[in-house]
Amino acid sequence: SEDDSFQSDDVPKELLDGLLSAEFDKRSCLSRYQSASYHKPSSQKPSSYLISRLRSYEALHKRCGPYTESYNKTLENLKSGHPPESSDCNYLVWISFSGLGNRIVTLASAFLYALLTNRVLLVDPGVDMIDLFCEPFPEVSWFLPSDFPIKKQFDHFDQNSPHCYGRMLKNNSTKSNGLKLPSLAYLHLVHDYDDHDKLFFCNEDQSFLQKVPWLIMKTDNYFIPSLFLIPSFEQELSNLFPKKDTVFHLLGRYLFHPTNPVWGLITRYYHAYLAKADERIGLQIRVFDTVISPFQQVLDQILACTSKENLLPEIDRQKAIIHPGTQMSKAVLITSLSSGYLQKLRDMYWEHPTATGEVISFYQPSHEEFQQTEKHTHNRKAWAEMYLLSLTDVLVTSSWSTFGYVAQGLGGLKSWILDKPENKTVPNPPCRRVMSMEPCFHAPPFYDCKAKRGIDTGSVVPHVRHCEDMSWGLKLV
Ligand code: GDP
């Protein structure tokens, strides 16, 4: 009934405790309104400060977004090659780069950086971003217009590009000799970045960058944990996120709404295979190196994990039939590029009864065999699968995979992460519960900007720690 969708404080349930703006047309993006009835309600409420900053960001976006008067003016200035004029609209352009999981975690990072620096986030649509995600901000698009002047160069931007901030520092063309401010700087935050690029994470460099009207960013990393170590952002971050391990969860539910075609994939699959089960278990199998992790060994590791942590019942190889007291059903959603795991697990639980009498069913939406980042239907399926995993009750994920991080963060779940095998043996323990639902920053800097020497950035503050699945990575806890 109408009343059910309203909570006591009159914020409709679909707006996720005020996280989402009420100013949207419902039909254009059904997932934005329906996700609340698929996801478990979040136990992590957004702070009222985060809500107010999101609303003021939306106002800024409306005022400065594509083709507004301010946008046109700032763009003219950029094209003219004149020194930058101070403008009330500054921009951060995010370049579409890498696999879909990577893109989702970097987009969340870019958005938070834009929020912290009062910039307008513009998204390079790449080949398929428009098909995958609904517009997150009311009225004015977040996509970078196709006539943006240097758009064609995006694919070639790297550490040697003249606009690259790290390179400017290397050539000393910014600070020491009181040099002119560029209108545009390219931030290379890709995993192969060097010590100069990493100075992005220093206070002093942030105050320089603050004056550059156009920043263009290419990254494949969830760099938010290191933003928490920049002194000038500290207070604001703690106001936005009193609970630090909720950053990706909240920003993810704010930003990433599947388009109607992807929502169709998600909801049809959910109702056909998952909705009726008493419990849903997500199993994300991502094997980066089949030599170090051969098939049988990955399968053994999964079974060792589900058995040790009581996620799936044991099978009984002696008995032909076991009658349960009450017949509980568990649906296991497998995502993997290959189909072998599904077949093995399904056969095992078909050929033998479970010791508890529980009924276990296995489903896998696709098996695409290999990564095909530039293909439309492939990415739609990848997005649908990450989202379906986020709708489960219990999640098992693979080490090092942003695909799994996204599912875990959107779902608000703490997954059981499968340890990365070394020397072709099943690790012991096979899996462990993560400390927080946050993604891991895989390539953080290890530098103390003030002391100008290397440090362990994983032991500076209690809420930024090394990750469970990557000893040198950083995550918020
Ligand atoms: P990561 O490499 O695991 O960090 O995740 P990414 O999402 O960034 O890149 C992996 C890409 O491979 C995905 O975006 C998909 O294109 C593809 N992929 C990997 N695992 C799966 C899967 O289980 N299902 C589907 N449909 N695609 C997958």
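Criteria and cut-off values
- Residues numbered from 1 in each chain as written.
- Predicted model: local features only at pLDDT ≥ 70, side-chain atom pairs only at ≥ 80, totals over all residues.
- Helix = DSSP H or I, 4+ residues; strand = E, 2+ residues; numbered from the N terminus.
- Buried ≥ 20, exposed ≤ 12 C-beta atoms within 10 Å, placed from the backbone.
- Contact = placed C-beta atoms within 7 Å.
- Pairing = 2+ DSSP bridges.
- Right-handed = clockwise from strand over helix to strand, strands pointing away.
- Core = buried A, V, L, I, M, F, W, Y, C linked by C-beta atoms within 7 Å.
- Domains from an automatic or database assignment.
- Near = placed C-beta within 6 Å.
- Nonpolar A, V, L, I, M, F, W, Y, C, P; charged D, E, K, R; others polar.
- Expected span 1.5 Å × (residues − 1).
- Arc of directions from axis to C-beta.

Undergrad: Even after reading the chapter, I still don't get the overall build of the protein, so can you show me in this structure?
TA: The helix and strand tally for the protein stands at 15 helices and 14 strands. Based on the C-alpha atoms only, the size of the protein along its principal axes is roughly 80 × 55 × 40 Å. Put simply, the protein has 477 residues, and 41% of those count as buried. Within the protein, contacts between residues at least 6 apart in sequence are counted, and of these 73% link residues at least 24 apart.

Undergrad: What am I meant to see in the pairing of strand S4 (residues 214–219) here?
TA: Where burial is concerned, most of S4 is hidden: six out of the six residues are buried. In S4, alternate side chains face the same way, and those of Trp 214, Ile 216 and Lys 218 on one face and Leu 215, Met 217 and Thr 219 on the other are all buried. Pairing geometry for strand S1 (residues 90–94) and S4, over four bridges, is parallel. Opposite Val 93, over in S4, you have Ile 216 as the bridge partner. Judged from the six bridges that link them, strand S3 (residues 184–189) and S4 form a sheet pairing that is parallel. By the bridge assignment, Ala 185 is partnered in S4 with Leu 215. With helix H7 (residues 203–209) bridging S3 and the parallel S4, this β-α-β connection has right-handed handedness.

Undergrad: Looking at this structure, I do not really get the nonpolar core. What am I missing?
TA: In this structure, Leu 92, Val 93, Leu 121 and Met 217 are the most contacted members of the largest nonpolar core, which totals 114 residues. Of all the elements, helix H4 (residues 100–116) adds the most residues to this core, at eleven residues. Each of domain 1 (18–244) and domain 2 (260–476) contributes no fewer than three residues to this core. The residues contacting Leu 121, other than those within four sequence positions of it, are Leu 92, Trp 94, Ala 110, Phe 111, Ala 114 and Trp 142.

Undergrad: Could you clarify how one ought to interpret the domain arrangement of the protein in this entry?
TA: Bring the parts together and some accessible area is lost; that lost area is often taken as the interface size. Segmenting the protein into domains produces domain 1 (18–244) and domain 2 (260–476). The straight-line distance from the C-alpha centre of domain 1 to that of domain 2 is 30 Å. Contact residues are listed per partner, giving 34 residues for domain 1 and 40 residues for domain 2. Of all the secondary-structure elements, those providing two or more residues to the side of domain 1 that touches domain 2 are helix H1 (30–34), H4, helix H5 (129–132), H7 and helix H8 (224–227). The leading source of residues in the side of domain 1 that touches domain 2 is H4, at five residues.

Undergrad: Which parts of the structure should I look at to understand the site of the ligand?
TA: The environment of the ligand is made up of 21 residues, and the closest members are Gly 99, Leu 100, Gly 101, Ser 401 and Thr 402. When residues of the shell around the ligand are traced back to their parent elements, those giving at least two are H4, strand S6 (329–336), helix H14 (376–390) and helix H15 (402–411). Among the elements that take part in the shell around the ligand, H14 stands out by supplying five residues, more than any other. Here the residues of the shell around the ligand sort into four nonpolar, 13 polar and four charged.

Undergrad: Any chance you could explain helix H13 (residues 340–351) here in plain terms?
TA: Every α-helix winds through 3.6 residues per turn, so residues three or four apart in the chain are directed the same way. Taking 1.5 Å of rise per residue, the twelve residues of H13 would be expected to cover 16 Å, and the 17 Å separating its terminal C-alpha atoms lies within 8% of that figure. Residues Tyr 341, Leu 345 and Tyr 349 constitute the buried set of H13. Along the axis of H13, the buried positions cluster into a sector of 45°, meaning they face one direction only. Exposed residues on H13 whose side chains face more than 90 degrees from its buried face are Asp 347, Trp 350 and Glu 351. Contact partners of the buried residues in H13: strand S5 (279–285), helix H12 (295–308), S6 and strand S7 (359–363).

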